[in-house]
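Observations on chain architecture
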Amino acid sequence: MVILPGSFNPLHDGHLRLSEIASSICENGFPCFEISVINPDKPPLSLAEIKSRVEQFRKTGKTVIISNQPYFYKKAEIFPGSAFVIGADTAVRLINPKYYGGSYSQMLEILLGCKRTGCTFLVGGRLVDGVFKVLEDLDIPQELNDMFISIPLEKFRMDISSTEIRKSKNMCAAYDNVICIKRYIIDEFDTLHTWMKQE
């Protein structure tokens with residue numbers, strides 16, 4: 001399988017395009033998306049949230065897997081031989097000892113365990129701390145080099161994120177609320193003005 005993990009809040013064209021490109025790189029790979037109900041940095045998803053996010057995939061006709069595994073070494077055990085599609089930002093975290101109790105050897109051991117399951121990581125370019133980076137910009141340990149595969153920049157670059165989409169929607173909602181309040185004030189003022197003229 002060619003698995004694109006994420007929260008998909010919301011699912012957008014960048015996700016769909018990235019999955020398509022990754023599947024073309026992995027010939028005969030079955031494309032699917034994966035949502036983990038558990039996130040180490042956030043509360044678990046509610047049933048309503050899961051249903052809402054799954055509905056996005058039903059509308060597009062895409063396959064989505066719901067799991068309870070936020071960590072890649074566990075995903076690798078469940079889906080051996082799969083290619084996980086990630087951004088350069090996620091790849092940076094994967095090879096950072098900070099996320100393994102500060103231990104470089106622990107990081108290496110866990111990722112080599114993923115490698116032994118036959119899993120690979122297809123890495124697309126992403127903004128990392130405000131700078132657009134691709135796999136070639138990262139310092140991948142030599143023992144893991146063949147486990148990380150670059151998605152060529154000419155095949156995929158889309159500077160769009162679910163976070164930015166949510167921010168944009170929130171700004172639009174706030175703007176709409178201001179307009180509604182403004183209209184209400186104008187309507188009330190017109191009503192008051194009409195009443196005063198009648199008096």
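Our structure's up above, just so we're on the same page.
Below is a short write-up of the structure. Bear in mind the structure is a predicted one, so any value in this text is a computation, not a measurement. (Residues numbered from 1 in each chain as written. Predicted model: local features only at pLDDT ≥ 70, side-chain atom pairs only at ≥ 80, totals over all residues. Heavy atoms only, no water.)

Next up on the list: the overall build of the protein. Scanning the protein from terminus to terminus reveals six helices and eight strands. The buried share among the 199 residues of the protein stands at 35%. Residue pairs at least 24 apart in sequence account for 75% of intrachain contacts in the protein once pairs closer than 6 positions are excluded. (Helix = DSSP H or I, 4+ residues; strand = E, 2+ residues; numbered from the N terminus. Buried < 20%, exposed > 50% of the residue type's maximum accessible area, 1.4 Å probe, protein only. Contact = heavy atoms within 4.5 Å.)

Once that is clear, we can look at the sheet that holds strand β3 (residues 64–67). For sheets, the rule is that strands pair by backbone hydrogen bonds, running either parallel or antiparallel. Ordered by their spatial adjacency, six strands build an open sheet running β3-β2-β1-β4-β5-β8, and the pairing between neighbours is parallel. At either margin of the open sheet sits one strand with a lone partner, and together these are β3 and β8 (148–150). For this sheet, the mean angle separating the axes of adjacent strands, direction not counted, is 30 degrees. Relative to β8, strand β5 (residues 120–124) runs parallel, the two being bridged by three bridges. Residue pairing across strands places L122 opposite I149, the latter belonging to β8. (Pairing = 2+ DSSP bridges. Axes fitted to C-alpha atoms, helices over the stretch in contact; angles between N-to-C directions.)

Mapped onto the secondary structure, D89 falls in helix α4 (residues 88–94). Not counting chain neighbours up to four residues away, the residues in contact with D89 comprise R126, L127 and V128.

Right, let's talk about the side chain of S23 for a bit. Among the structural elements, S23 can be located in helix α1 (residues 13–25). Residues contacting S23, with those up to four places away along its chain left out, are V2, G29 and P31.

Geometrically, the link from N9 to P10 is a cis peptide bond, its omega value of 10 degrees lying close to zero. Here P10 shows up in the loop between β1 (2–5) and α1. Here the phi dihedral of F8 falls at roughly 50 degrees; this positive angle occurs in a residue that is not glycine. Structurally, the position occupied by F8 is in the loop between β1 and α1. Despite not being glycine, D129 has its phi angle at roughly 55 degrees, a positive value. Looking at where D129 falls in the secondary structure, it is placed in the loop between β6 (126–128) and β7 (131–133). Accessibility expressed as a relative area gives 78% for D129, which makes it exposed.

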